[in-house]
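So the chains spell out like this:
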There are 2 protein chains.
Amino acid sequence: MPDLVISPRNTEEVISIVRLCKKHTIPIVPRGSGTNLAAGTAPTSGGIVILFKNMNQILELDEENMTITVQPGIITNSLINFVEKKDLFYPPDPSSKKISTIGGNISENSGGLRGLKYGVTKDYVLGLEAVLPNGETIKTGGKLAKDVAGYDLTKLLVGSEGTLAIITEATLKLLPKPEYQETILAMYHSMEDAAETVSAILASRIIPTTLEFIDRGTLRIIEGYKKIGLPTDCEAVLLIEQDGTNETVRKDMAVIYNICNKYNAFEVQKAETKESAEDLRTARRDALSALAKVRPTTILEDATVPRSRVAPMVREIIHIAEKYEVLIRTFGHAGDGNLHPTCLTDIRDQKEMERVEKALEDIFNAAIKLGGTITGEHGVGEMKAPFLEWKIGKNGIAVMKAIKTAIDPDNIMNPGKIFAKSTKKRVVVNNV
Amino acid sequence: MPDLVISPRNTEEVISIVRLCKKHTIPIVPRGSGTNLAAGTAPTSGGIVILFKNMNQILELDEENMTITVQPGIITNSLINFVEKKDLFYPPDPSSKKISTIGGNISENSGGLRGLKYGVTKDYVLGLEAVLPNGETIKTGGKLAKDVAGYDLTKLLVGSEGTLAIITEATLKLLPKPEYQETILAMYHSMEDAAETVSAILASRIIPTTLEFIDRGTLRIIEGYKKIGLPTDCEAVLLIEQDGTNETVRKDMAVIYNICNKYNAFEVQKAETKESAEDLRTARRDALSALAKVRPTTILEDATVPRSRVAPMVREIIHIAEKYEVLIRTFGHAGDGNLHPTCLTDIRDQKEMERVEKALEDIFNAAIKLGGTITGEHGVGEMKAPFLEWKIGKNGIAVMKAIKTAIDPDNIMNPGKIFAKSTKKRVVVNNV
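About the criteria used
Residues numbered from 1 in each chain as written. Chains lettered and ligands numbered in written order. Predicted model: local features only at pLDDT ≥ 70, side-chain atom pairs only at ≥ 80, totals over all residues. Heavy atoms only, no water. UniProt positions renumbered as here; feature names shortened; annotations may be inferred. Least-squares fit on C-alpha atoms with pLDDT ≥ 70 in both. Contact = heavy atoms within 4.5 Å. Buried < 20%, exposed > 50% of the residue type's maximum accessible area, 1.4 Å probe, protein only. Helix = DSSP H or I, 4+ residues; strand = E, 2+ residues; numbered from the N terminus. Pairing = 2+ DSSP bridges. Polar contact = N/O pair within 3.5 Å; in protein donor to acceptor, adjacent residues only side chain to side chain.

The name an unreviewed UniProt entry gives chain A is Glycolate oxidase subunit GlcD, with Virgibacillus siamensis as the organism. Listed in UniProt under the heading Cofactor (unreviewed entry), the comment for chain A reads: "FAD".

What follows is the structure, encoded as structure tokens:
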């Protein structure tokens, strides 16, 4: 529990809060909607939680420069819907977009279902206003497609999980809204065939907007929860979308359709209406909510590998779940190698939790071994801090800590996040 | 002149050099081909210049993950040509690409003619190996579309102009090579009409690959130098290219053609062959070389504004040139607001050089006033260091210096770059 929760109304009030916290060395935890999945906004050192519900305005839509300037508290989906009405497009679409805030997305560098083709939040942040731990304000970037004036503080702050500064305003890049979109669901009796399909699509030099993977266990649970007629008798499904001009999408989807058939999809369903396409996307986005209903505790991870290693990674996850006798379901962004192995467990069962922890360690280890990372889009937070060194090494940690200390010498900004008191020992060290 | 020039053959040799320099506090200036335009690789504090001519290999092309891993000394164009043979595409194409190195491009975050649609070097750097000023090595990122494991050291190093670490290896993102491309040249009797065309194309929600602007003065000089039949009786030309699928390109170009006519282009030439398209692009890329032949000294700047402010910025530049009686020709990337006002002068004429300096100050000032930046793609180097504060403010400088000191406490990495001993006083301060 925090010692205090404050909802400032403007940057000046944020500055006043930070100055007080600096004077009295009080921890500050900036928090959007708290939808992050790595305990990134848990006030584990006490202190003040800053909420942005009173700083949730769109400040300017600049159609000519295709930018939008917003306060951090705006809900991601509100922004997406607002710009789409103007035929513009803000691609980052984390599954939590209906409740997450842009400030939270920026702090965590959120991804989403369209990441394969369009990238992640970082690719759309052009400029920031932020309050530093000393109470001073900086303005980075601007409505600029190109800016190399000094170090890239914009991109350093994106994904810094509230540990360096408090973001009070953001200028985001928009794209023209694609004119057309097609969505299909391809069903497989074999996970390998699904993985081969992903590889073959990309090898054909097509980059779809979305290329999502859902395993059988996840699919059954989603269908039980949503009842929208998803197949439950298959080993894996791929949700594939392409957008662009009408001609290009049709051409790409014809190639994709053939690839699905070549790799033994036993059925390929095309969403015939916008509503049925949205149903399929929503089903995928609700995977976490559906899984969360199965057992009392849900731990969602986001181990990420080079996309060519998705099949070996899924095999590793299955093997690890069997080894520790824990229930793990997997879904995620097959196209960009960002998987979400999700452990369904019960925090009250200490023995099981010990096995779960071991299984998660093995999963991180497997990801690193396959050239991957411990977190693709959720952030390090407090949960993954003990594993960070596995990815970036001692020297990487030293550089990051040096930056943290240089900007926040009193460690008042979201203390305990990203950097752990101690690193977990890696038991299996191969190929690294 | 440097005290020493060394060309290491591998990372281990770089480490040895850095350890020696650290021990004896010797400045290190990493240098690609020295094509940067801001005195970024001039060894003005003496010390050792490190060249990468012996570290210029392609280490791995990974077609499945669409990445390429290279040593820093590889020539940009060699890499571009290599991947295009495999139907892959590395978009950043600085005008110096025939001689510049990837290491230099990364250190300067180089842009290019395709930046409007495809972004800049930073958007394609997925992972780096770098030697820190303490002689330790870090590995950042990887063949990963998503990675949020701690602060984004990859993007911090890109554009850091050799002041934080020495890049010894880079993993770059590739795209599928676009199947088709069209190139046109639109000619105008009025600069305003050309600027209106740029705005109207983007307002029609088309993002062309290339949208370049060349003023009359530049055009005449290029034609005099290249003799490829460029028009010389017009106020401005736009070089416009689109790539993608055949259908989309034809559709987009039809719209663009109509817009050019609507805004009074008196002629629109289409490049009928790949060779003639390349002639037009080469003419644009050779603008600097052509201008450099006119007078003994050429100073090329890259003041950048939001794209909606290109016309006012061009007017400001014309006004400033008249005010100080100096010869300035302008060309550049109209679509992304990145202009290259180029001053043709003579360093031996002290009186003229004083006027040139005042004119450049006024140009930076105008860019900032219009919501722009002092450098869009050339970097700060030593030349623009006294102006950096104009863009990022005292607090921005303080944060950047804190990062520099945290990573390079002895200031051995390319000292004197980015950070100036003192900031130029801004004479005119409006709207900021």
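So, next bit.
A.B. asks: Teacher, can you tell me more about the relation of the copies chain A and chain B here?
C.D. replies: Two chain copies here: they are related by a rotation about an axis and a translation along the same axis. Expressed as a screw transformation, the operator carrying chain A onto chain B has a rotation angle of 180° and an axial translation of 0.0 Å, and the superposed copies differ by an RMSD of 0.0 Å. Interpreted geometrically, this transformation is the action of a two-fold axis. The C-alpha atom lying nearest the rotation axis in chain A is that of I403(A); the distance is 2.8 Å. When you check the interface residues of chain A against chain B, 100% turn up at the interface there too, and the contact is symmetric in its surfaces.

A.B. asks: Just to check I follow, could you spell out the pairing of strand β13 (residues 236-244) of chain B for this structure?
C.D. replies: A regular strand places its side chains so that they alternate between the two faces of the sheet. All names here are of chain B. Within β13, nine of the nine residues are buried, which leaves the element mostly enclosed by the surrounding structure. Covered by surrounding structure in β13 are A236, L238, I240, Q242 and G244 together with V237, L239, E241 and D243, the residues of both alternating faces. Sheet analysis places strand β11 (residues 180-188) next to β13, joined by nine bridges and oriented antiparallel. Directly across from I184, in β13, lies its bridge partner I240. Here strand β12 (residues 210-215) pairs with β13 via six bridges, running antiparallel. Counterpart to E212 in the pairing with β13 is L239.

A.B. asks: I keep staring at the side chain of D362(B) and nothing clicks. Help me out?
C.D. replies: Residues and elements named next belong to chain B. Looking at the secondary structure, you find D362 in helix α12 (residues 350-369). At 3.0 Å, the side chain of D362 forms a polar contact with the side chain of Y324. Among all residues touching D362, those that are not within four sequence positions of it are I320, K323 and Y324.

A.B. asks: Would you take a moment to explain the environment of I206(A) for this structure?
C.D. replies: All names here are of chain A. Relative to the helices and strands, I206 is located in the loop between α6 (191-203) and β12 (210-215). In this structure, the C-alpha to C-alpha distance between I206 and E60, residues 146 residues apart in sequence, is 35 Å. The residues touching I206, leaving out its near neighbours within four places in the chain, are I201, Q242, D252, V255 and I256.

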